[in-house]
Structure formats: structure tokens, C-alpha cells
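A structural walkthrough
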Number of protein chains: 2
Amino acid sequence: MDRFLSSAINKIDTKGRVSVPAHFRSVVQKRGFADLYALRALDIPAMDVGGPDLLDRYEQRIALEDPFLQTADDMSFFVHGDGSFLKLDQDGRITVSDFIREHTGITSEVAFVGRGLFFQMWEPERLRAYGAQVRERLLKLRQQASQGRPAASSE
Amino acid sequence: MDRFLSSAINKIDTKGRVSVPAHFRSVVQKRGFADLYALRALDIPAMDVGGPDLLDRYEQRIALEDPFLQTADDMSFFVHGDGSFLKLDQDGRITVSDFIREHTGITSEVAFVGRGLFFQMWEPERLRAYGAQVRERLLKLRQQASQGRPAASSE
DNA sequence: TATCGGCCCATGCTATCCCATTGAGTACAT
DNA sequence: ATGTACTCAATGGGATAGCATGGGCCGATA
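This report concerns the structure included in the present document. Given the structure is predicted, the values throughout are model-derived calculations rather than measurements.

Concerning the sheet that holds strand 1 (residues 7–11) of chain B
Residues and elements named next belong to chain B. Taken together, six strands build an open sheet; the order of strands is 1-7-8-4-3-5 and the sheet is antiparallel. Only two strands of the sheet have a single partner each, and these edge strands are strand 1 and strand 5 (83–86). Put simply, the sheet's adjacent strands are angled 25° from each other on average, direction ignored. Of the pairings in the sheet, the one linking strand 3 (residues 36–40) to strand 4 (residues 47–50) comprises four bridges and is antiparallel in character. What sits directly across from A38, in strand 4, is V49.

Digging into the sheet that holds strand 4 (residues 47–50) of chain A
The strand order across the open sheet built from six strands is 1-7-8-4-3-5 (chain A), with neighbouring strands paired in antiparallel fashion. A single partner strand is all that each edge strand has here, and the edge strands are strand 1 (7–11) and strand 5 (85–86) of chain A.

Description of the protein's contact with DNA strand C
If you check the shell around DNA strand C, you find 14 residues, and the closest are A:K15, A:Q90, A:D91, B:Q90 and B:D91. In the interface set of DNA strand C, defined as its atoms within 4 Å of the protein, sugar plus phosphate atoms amount to 54%. B:R17 is positioned such that a nitrogen or oxygen atom in its side chain is 3.2 Å from a base nitrogen of DNA strand C. At 2.4 Å from a phosphate oxygen of DNA strand C is found a side-chain nitrogen or oxygen belonging to B:Q90. Classifying every residue of the surface near DNA strand C gives no nonpolar, three polar and 11 charged.

A closer look at the interface of chain A and chain B
On the chain B side, the residues contacting the 33 residues of chain A number 33 residues. Approximately 2,700 Å² of surface area, both sides summed, lies buried where chain A meets chain B, with 56% of it carried by carbon and sulfur atoms. Contact with chain B buries area across many residues of chain A, yet A:R115, A:R135 and A:L138 alone supply 24% of it, more than any other trio. Between B:D43 and A:R142 there is a salt bridge, with the nearest N and O atoms lying 2.9 Å from each other. Counting across the interface, chain A meets chain B through 11 residue pairs in polar contact (both at pLDDT 80 or more). Contributions of two or more residues to the side of chain A that touches chain B are made by helix 2 (52–63), strand 7 (109–114), strand 8 (119–122) and helix 5 (124–146) of chain A. Counting residues per element, the side of chain A that touches chain B draws most heavily on helix 5 of chain A, at 12 residues. Of the residues contributing to the side of chain A that touches chain B, the split by class is 14 nonpolar, 11 polar and eight charged.

Some words on the pairing of strand 3 (residues 36–40) of chain A
The buried count for strand 3 of chain A comes to four of five residues, which makes it a mostly enclosed element. The loop that links strand 3 of chain A with its antiparallel partner strand 4 of chain A comprises six residues.

Things to note about helix 1 (residues 22–30) of chain B
Residue and element names in this part refer to chain B. Every buried residue of helix 1 is accounted for by F24, V27 and V28. The arc enclosing the buried residues of helix 1, seen along the axis, measures out at 100°, which places them on a common side. Every exposed residue of helix 1 that faces more than 90 degrees away from the buried side is listed here: A22, Q29 and K30. Two residues or fewer after helix 1 comes G32, characterised by a positive phi angle close to 75°.

Overview of helix 5 of chain A
Three- or four-residue spacings in an α-helix give side chains the same orientation, since the helix completes a turn every 3.6 residues. With 23 residues, helix 5 of chain A ought to run about 33 Å at 1.5 Å a step, and its terminal C-alpha atoms sit 33 Å apart, in line with that. For helix 5 of chain A, the complete set of buried residues consists of A:P124, A:L127, A:Y130, A:G131, A:V134, A:R135, A:L138 and A:L141. On the buried face of helix 5 of chain A, the contacting elements are strand 1, strand 7 and strand 8 of chain A together with strand 3, helix 3 (70–81) and helix 4 (98–104) of chain B.

Some words on the side chain of B:T104
Residues and elements named next belong to chain B. Following the sequence through the fold, T104 ends up in helix 4. Overall, T104 belongs to the buried group, its relative accessible area being 0%. Polar side-chain contacts of T104 include one of 3.1 Å to the backbone nitrogen of I106. Beyond its immediate chain neighbours, meaning those up to four positions away, T104 contacts P45, A46, M47, M121, E123 and R126.

Quick notes on the nonpolar core
Among the nonpolar cores identified, the biggest contains 25 residues, and A:I44, A:W122, A:L127, A:Y130, A:L138, B:F77 and B:F78 are the most heavily contacted of them. Taken together, the elements giving at least two residues each to this core come down to helix 2, strand 7 and helix 5 of chain A together with strand 3, helix 2 (52–63) and helix 3 of chain B. Residue contributions to this core peak at five residues, all from helix 5 of chain A.

The rules behind these values
- Residues numbered from 1 in each chain as written.
- Chains lettered and ligands numbered in written order.
- Predicted model: local features only at pLDDT ≥ 70, side-chain atom pairs only at ≥ 80, totals over all residues.
- Heavy atoms only, no water.
- Pairing = 2+ DSSP bridges.
- Helix = DSSP H or I, 4+ residues; strand = E, 2+ residues; numbered from the N terminus.
- Axes fitted to C-alpha atoms, helices over the stretch in contact; angles between N-to-C directions.
- Near = heavy atom within 4 Å.
- Polar contact = N/O pair within 3.5 Å; in protein donor to acceptor, adjacent residues only side chain to side chain.
- Nonpolar A, V, L, I, M, F, W, Y, C, P; charged D, E, K, R; others polar.
- Contact = heavy atoms within 4.5 Å.
- Buried area = accessible area lost by both parts, 1.4 Å probe.
- Salt bridge = Lys/Arg side-chain N within 4 Å of Asp/Glu carboxyl O.
- Buried < 20%, exposed > 50% of the residue type's maximum accessible area, 1.4 Å probe, protein only.
- Arc of directions from axis to C-beta.
- Expected span 1.5 Å × (residues − 1).
- Core = buried A, V, L, I, M, F, W, Y, C linked by side-chain atoms within 4.5 Å.

Rendered as C-alpha cells:
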């Protein structure tokens, strides 16, 4: 399996390091990522982490915006500005920078969440709250579908 | 037979392991699954367990959505993040993680329920209660039908 | 010189391997 | 029908390997 799946919570040690889950590391290796890019997710307090393809994805997203409007510029600044990238040490750990802590609220523990082609880093408590919201939205979607709305509709 | 059918209740040992029913294991083998994937069911305290095809089905569904809208993101979060791998050991057992226990309420025993292309894991008492609810709903539906209401209605 | 990042090793926990035991079901012979 | 031997599944437990974690050391940098 070469996709980022399932989730795990690991502790940050006194030096500010945290182990990337072994399964994620093997995916990273299998996909041939030399290093990892961590980007601030646009509307949630999480980091999106992945290989170079992650940047492409974000750029596609930004390209949807009108280049004359400020939004596109803001997004570009947000995504590329600082664009921290993460080095795995020999034990498969990364250092959690202030950049990451500020955006996510991470302090002593990191929740790693597989998202298929990339993974996310969350503050565990915030992840839990967000997960509950997601389930609620999906349930509502399902109820709408069963009331005769077309199943493939996103709105 | 290559479908998951019938049900069984097995005990969790002191190490947190539980045997997957032999019949289910033979289905897993027949379908050529290397490992199993367990997903938290949306509106019930059960795990949906299946092979990679279960994941493929969900991913195909996600592909129908606009990748930059919230619905696609929610679905991916649910499918990729809200699940976990289950590795069968050499004796056909899996370890019941806290991740599973939290969602299902499982403590010392697991009820395995065949659902055709996948199977479910329940806390036995909750399964019993849920089964009663299902029967009640079906009974009500039938009564309504005999009173002239349309039988296929979901309300 | 003080700090930080990277390298290496130690430790403890848990998942996994491997083997033993138990018990239920089945076939077969008397 | 009944007893016996066989098979296979579930369960228990010792041994081990992999992984998360903690901490020491060193070299680069400011």
C-alpha cells in the first residue's frame, strides 16, 4: 500500500522532535520523496505534509482564483511564504518548528492523519473536534441523498 | 463462497488480540487481501472491515466530487483518516486498538457480522440492541405497506 | 562559548511469531 | 447408538523484533 492511511498520535520530546509513524515513513520511501514539504492548510489549523506533488496541488487550487484579485496573491503568499520543509533524521523523526506550532496550536503531542496522497499534522484535541464536525456534515449529506437528492451532488 | 456471511462472537485475550472467524479468513484469502482496513461506520458504533477494494470504492466516489470543495475534503478525511489497518497474524488474529474500542465500545468480546463484501465488528450487547431496532423498523414498514402506504418509502 | 541540529545508542513497550492446550465437531468402526 | 481417533478452530503464553522515545555527544554556526 503506497497511500497515507489511518492516524496516530506521537509525543514531542524535550528537543522538539517527534517520530513520524513508521507506516508513513515507508510510504514516503516507497513514493521516492527525498524530503517533505509542510504547508499550512488553507482553512484549518493543520499542516499538509507531502512530497513535491503537494505543491502542484496547491498551485492548481490557487490557479482557480482570479489572478487580479487579492485572494490569489494572499493564498500564494500563505502557501509559499516560509514554505517550511521537513527533514527526517536517521530515526525517522522531524523537528516541530515554531512555524508549525503557531498555525496548528501543537504543543506536546502531534496527531498524524493519513489523507491518501499526503498526510496532516494536528493538535490532537483540535483534530477530535474537527473530526466530529466532518462526521456531522457527512451524515447530513447522506440524509439529503436518501430524501431523493441525487447521490453525486456536492451541493 | 466468497462473501462474508453469518456472525460470531470471539473473546479478546490479555494481549488485546481476537481471532477473526475462520470462515471470514478464508474469504479474505480467497479474495487475495494482503491486509484488512477498518473504517469507523458513520452512524453506528461499528467498524466496517474489508480489503483494499473497500477503499477503492470510496475513492471512486470521492473522485466524483470537486476536489477543492469541502465535501471532497470531508470524504477523504473520513476514508483515509478515520480508519486503521488490521494486520492478521499467523494464527488469524488481529489486535483491537484503542481506536477501535473508542468508536465501538468493545471491551472484552467482539461480534463479527458478515455483510457480503465486507464485515463489521461490534460490541455484542450493542449489536443485539441495534438488531432489535432494525427488526422494529422493518416491521413498521411492513405494517405501513399493508395499510396502503408505498412499500419502498424510506420515511 | 553557547546553541542548535544531526548522529548514535539505550530503553521500554507492544505487535508479532511460534508453539501448546483446549474443546467442538466429524468420521469411522464396533 | 456409542465410543474413539482425528481435525480444525479458538485461546493462552513465552520469546523476539520493531518502533517510539529519551538522552549523550559532536560539529557547525553565530
